[in-house]
Amino acid sequence: MEQEISIPVNHDDFIHDIAYNFYGTRLATCGSDRCIKIWDWNRQTGLWILNESMLGHDSSVVRLSWAHPEFGQVLASCSLDRSVRIWMEQESNLKNSTMRWKSVSTLNDSSCAVHSIAFAPEYRNLSLAAASSDGKVRFYSPVEPITLSNWTVSGQIDFIPGGASDSDGPLCLSWCKSRFASPHMIAIGGSKGNHVKVFQLDTMQYSELHELDSYEGFVLDIDWAPSMGRSYHLIATACSDGHVRIYKFWSDPVMAARASQLDSLFVYEGEDGDEQEADNGRRRKSKRNDDDDDFEDDDFHDGSEDDEDSDDGNSDSDSDDDSDGSTSESGDELGRPRGSGGRRSHAQARDGGSTAADGKSGVPRSELVADLLVDPQVPMRRVRWNSTGTLLVSSSDDGVARMWKMSVNGTWREVAAISAEKSSADSSMN
């Protein structure tokens, strides 16, 4: 049964981010009022109780990130004041005493606003990535793991060579959450050119592994789905042009080559869907006829002249059949559904060269599997996957959170929508 719970967060300005802890029992909120608020879930009453409210930064606080609980109750925040702060809970102090949470470290390495931060998965130890509008992503590690009072820059990615500025747009990032993925990877998007790229950790340094795409609008958010044993990864992006895009990404060159070989088995939707469908049909039938010829040559013929004549006749006959059937087996006669239009969903391979098509590629590969557009005038601000990577939630400037799920035919569709304005109106009436 669905239940709606309203939390009176009492921020004095826009709320920019909310973040649950690992267990979903604690919630942090931040906004343009420069405040950070921590909320605890009360199991007896089913309500969220304020744990602490603190003045976090000198400007708007735009993003929050919880560390894994094995490192304690640790929260990171970033702001337009160009800083990142690390917060630790002081359990010996009373709740709502203004001393329950302490800012143990402030990181001021960025020359522009810091728009995105994320703690690495626990298998990477305690590490924090921070993306700044200066075109750099910095990786921090604590020198003292107990007090967390001193952090050092352990690595850096110059996402924009030559640097960038606040006017070039924000940077966003998301870690690959699979501990079995090798090498360790992180997805970064935004700023000049609005590229979306995947970087890998190679011999203690990060290097570019693959470029997913580039857009005309700003990349405002990116999220890497939990792999859950899939042979591919799912990465979603939210953009200022109103689009939510979902990609399949194969980091393993072997799996990327296999996926490329299997492309002819899938339905391609969009502008080139009919041409691609017909081409796939011709290739499938040509391959079947080639296999039949090989089967007859190997198992039923002894190399005699009569048999060779018979083979030539059969080959001519098959060739005539192919020429007659290749034009008729396009479109619906293949027995496959057409693209239904509506939300644009099409396949777009980016494999770094023609070698991927013949199954010999030694590079990763990506494919755009969904391009979801609600309103081109309404920017999409956030995207988040559920714990299994089967449901995607997006939020936009129209105050609506939408849930997207893949149907049985591989098309991603909106399955639910929650309007903040409607919820506020219902609450005031009650």
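Residues numbered from 1 in each chain as written. Predicted model: local features only at pLDDT ≥ 70, side-chain atom pairs only at ≥ 80, totals over all residues. Heavy atoms only, no water.

Caption draft 1: Structural context of the pattern of salt bridges. Under the defined criterion, the tally for this structure stands at 19 salt bridges. Close ionic contact of Asp158 with Lys136 constitutes a salt bridge, the shortest N to O distance being 3.1 Å. Separated by 22 residues along the polypeptide, Asp158 in strand β12 (residues 151-158) and Lys136 in strand β11 (residues 136-142) bring together distant segments of the chain. In this structure Lys136 comes out as partly exposed when scored by relative accessible area, which is 22%. (Salt bridge = Lys/Arg side-chain N within 4 Å of Asp/Glu carboxyl O. Helix = DSSP H or I, 4+ residues; strand = E, 2+ residues; numbered from the N terminus. Buried < 20%, exposed > 50% of the residue type's maximum accessible area, 1.4 Å probe, protein only.)

Caption draft 2: Geometry of empty space enclosed by the protein. One pass over the structure, following the stated rule, counts one cavity of 30 Å³ or more. When its volume is computed, the largest cavity comes out at roughly 40 Å³. In this structure, the largest cavity is lined by Arg82, Val84, Leu107, Asp109, Ser110, Val114, Ala130, Ser132, Arg138 and Tyr140. Of all elements in the fold, only β10 (128-132) and β11 reach the threshold of two or more residues within the lining of the largest cavity. Tallied by class, the residues present in the lining of the largest cavity amount to five nonpolar, two polar and three charged. (1 Å grid on protein atoms, 1.4 Å probe; cavity = no way out; pocket = protein on both sides within 12 Å on 5 of 7 lines; lining within 4 Å. Points joined across faces, edges and corners; volume = space filled by probe spheres on them. Nonpolar A, V, L, I, M, F, W, Y, C, P; charged D, E, K, R; others polar.)

Caption draft 3: A look at a nonpolar patch on the surface. Nonpolar side chains collect at one region of the surface, where Ile5, Leu47 and Ile49 lie side by side and expose about 240 Å² of accessible area between them. With respect to the helices and strands, Ile49 occurs in strand β4 (residues 47-55). (Patch = residues over 30% accessible without salt bridge, like charges linked within 9 Å, V, L, I, M, F, W, Y side chains within 5 Å. Areas by Shrake-Rupley, 256 points an atom, 1.4 Å probe, with all protein chains shown as cover.)

Caption draft 4: Layout of unusual backbone geometry. For Thr98, which is not glycine, the phi torsion reads 65° and is therefore positive. Of note, Thr98 is situated in the loop between β7 (84-89) and β8 (101-107). Here Asn125, not a glycine, exhibits a phi torsion of approximately 65°, which is positive. When you line up the elements, Asn125 lands in the loop between β9 (114-119) and β10.

Caption draft 5: Just the sheet that holds strand β6 (residues 74-79), in detail. Here we have four strands laid out as an open sheet, ordered β5-β6-β7-β8, and antiparallel in their pairing. At either margin of the open sheet sits one strand with a lone partner, and together these are β5 (61-66) and β8. Each strand of the sheet is rotated relative to its neighbour by a mean of 25°, with strand direction disregarded. (Pairing = 2+ DSSP bridges. Axes fitted to C-alpha atoms, helices over the stretch in contact; angles between N-to-C directions.)

Caption draft 6: Focus on the sheet that holds strand β15 (residues 195-202). Pairing within the open sheet is antiparallel, and its four strands lie in the order β13-β14-β15-β16. A strand with exactly one partner marks an edge of an open sheet, and here the two such strands are β13 (171-175) and β16 (205-214). Taking the axes of each pair of neighbouring strands and ignoring which way they run, one obtains an average angle of 25° across the sheet. Pairing between β15 and β16: eight bridges, direction antiparallel. By the bridge assignment, Leu201 is partnered in β16 with Tyr206.

Caption draft 7: Representation of the confidence of the model for the protein chain. Mean pLDDT over the protein chain: 80, with 73% of residues reaching 70 or higher. Across the protein chain, β6 holds the top mean pLDDT of 98, while helix α3 (residues 305-325) sits lowest at 45. Across residues 266-278 the pLDDT falls below 50, and counting only partners more than four positions away or on other chains, this stretch makes 22 contacts in the model. With pLDDT under 50 throughout, residues 352-361 is counted as low confidence; its partners more than four residues away or in other chains account for twelve contacts. (pLDDT = per-residue confidence, 0-100. Contact = heavy atoms within 4.5 Å.)

Caption draft 8: Structural view of the pairing of strand β2 (residues 26-31). Counting buried positions along β2 yields six of six residues, so the element is predominantly enclosed. Judged by which residues are buried, β2 turns out to be covered on both faces: Arg26, Ala28 and Cys30 on one side and Leu27, Thr29 and Gly31 on the other are all buried. When strand β1 (residues 15-20) meets β2, the two strands line up antiparallel, connected through five bridges. Residue pairing for β2: Ile18 is matched across the bridge by Thr29.

Caption draft 9: Representation of the packing of aromatic side chains within the structure. In the structure shown here, the tally under the stated rule is ten aromatic pairs. Seen from their ring centres, Phe139 and Tyr206 are 4.3 Å apart, and the 10° between their planes marks the pair as stacked. Linking Phe139 in strand β11 with Tyr206 in strand β16, this pair joins segments that are 67 residues apart in sequence. Tyr206 shares its class with Phe139; the two are buried. Between Trp224 and Phe249, the ring centres sit 6.1 Å apart and the planes meet at 80°, which makes this aromatic pair edge-to-face. With Trp224 in strand β17 (residues 219-224) and Phe249 in strand β19 (residues 243-250), the pair connects residues that are 25 residues apart, well separated along the chain. In this pair, the class of Trp224 matches that of Phe249, namely buried. (Phe/Tyr/Trp six-rings, centres within 6.5 Å; stacked < 30°, edge-to-face > 60°.)

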